[in-house]
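Given next are the chains, with one letter for each unit.
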Amino acid sequence: MTVSGIDRLHSQLSKLEDLFPGHLTEMVEGSIVMDPVGAFHGRTIQRLWSIVEGQLPPGWAVVSDVAFPFGDANEFCPDLAVIPAEAEAENRAAYPADLIELVAEVVSPESVRRDYELKPRWYASRGIASYLVLDPLQGHIVAMWNPGPDGYRGRDLIP
């Protein structure tokens, strides 16, 4: 899919978000998925953003609520992603997934399977170096690293 095709697809998904305020819209395995986003979810993302942004070397930037297509059947909008600052400066609604260096998702009751099973395989297959799953339901963070074609080979559970 070309970048202009990506923008068109995301434009269509964004219209759904406009119709359903307070929901995040993604395409997962060919299905459009809408999850409610609560205040705790947003605060968690803001706190993580502050921590990550304060530790980034020059040339990197944090983005949230933007689309990253992973083929024709998956368009993820990670809660937080680190991409090159040069790309972030373009202020796009969608970016190629290959730009991501670190990605983080905050688990909600509706997203458990996607965040723990589906997304790690896709993120790792694209060589995204680090994947963080912040899970307020379980009270821990799962840090994944060392991407391979079938998923991440390294994993730490942090209470």
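The rules behind the values
- Residues numbered from 1 in each chain as written.
- Predicted model: local features only at pLDDT ≥ 70, side-chain atom pairs only at ≥ 80, totals over all residues.
- Heavy atoms only, no water.
- Helix = DSSP H or I, 4+ residues; strand = E, 2+ residues; numbered from the N terminus.
- Buried < 20%, exposed > 50% of the residue type's maximum accessible area, 1.4 Å probe, protein only.
- Pairing = 2+ DSSP bridges.
- Salt bridge = Lys/Arg side-chain N within 4 Å of Asp/Glu carboxyl O.
- Expected span 1.5 Å × (residues − 1).
- Axes fitted to C-alpha atoms, helices over the stretch in contact; angles between N-to-C directions.

Examined against the element boundaries, Glu53 turns out to sit in helix α2 (residues 39-53). Judged by its relative accessible area of 45%, Glu53 falls in the partly exposed class. Along the primary structure Glu53 and Val82 are separated by 29 residues, whereas in three dimensions their C-alpha atoms are 8.8 Å apart.

Right, let's talk about the pairing of strand β10 (residues 151-158) for a bit. Pairing between strand β9 (residues 140-148) and β10: 7 bridges, direction antiparallel. Within β10, the position partnered with Trp145 by the bridge is Gly154.

Our next topic: the pattern of salt bridges. Going through the model one piece at a time under the given rule, you end up with 4 salt bridges. Of the charged contacts, one joins Asp115 and Lys119 as a salt bridge, the two residues approaching to 3.9 Å between their closest N and O atoms. In this pair, Asp115 and Lys119 both sit in helix α4 (residues 112-125), 4 residues apart, roughly one turn of the helix. Across the pair, exposure class does not vary: Asp115 and Lys119 are buried alike. In this structure, a network of salt bridges that share partners links the residues Glu105, Asp115 and Lys119.

Turning our attention to the pairing of strand β6 (residues 80-84). Taking burial as the measure, the 5 residues of β6 include 4 buried ones, the bulk of the element. The pairing of β6 with strand β7 (residues 102-106) spans 3 bridges and is classified as antiparallel. By the bridge assignment, Leu80 is partnered in β7 with Ala104.

A separate point is α4. Taking 1.5 Å per residue, 14 residues should reach 20 Å; α4 reaches 20 Å between its end C-alpha atoms and fits that length. The set of residues buried in α4 consists of Arg114, Asp115, Tyr116, Leu118, Lys119, Pro120, Tyr123 and Ala124.

Here we have 6 strands laid out as an open sheet, ordered β3-β6-β7-β8-β9-β10, and mixed in their pairing. Edge positions in the sheet fall to β3 (60-63) and β10, since each has one partner strand and no second. Between one strand and the next, the sheet's axes are offset by a mean angle of 20°, whatever the strand orientation. Here 6 bridges tie strand β8 (residues 130-135) to β9, and the two strands are oriented antiparallel to one another. Residue pairing for β9: Leu134 is matched across the bridge by Ile141.

Read these as spatial facts, not as claims about activity.
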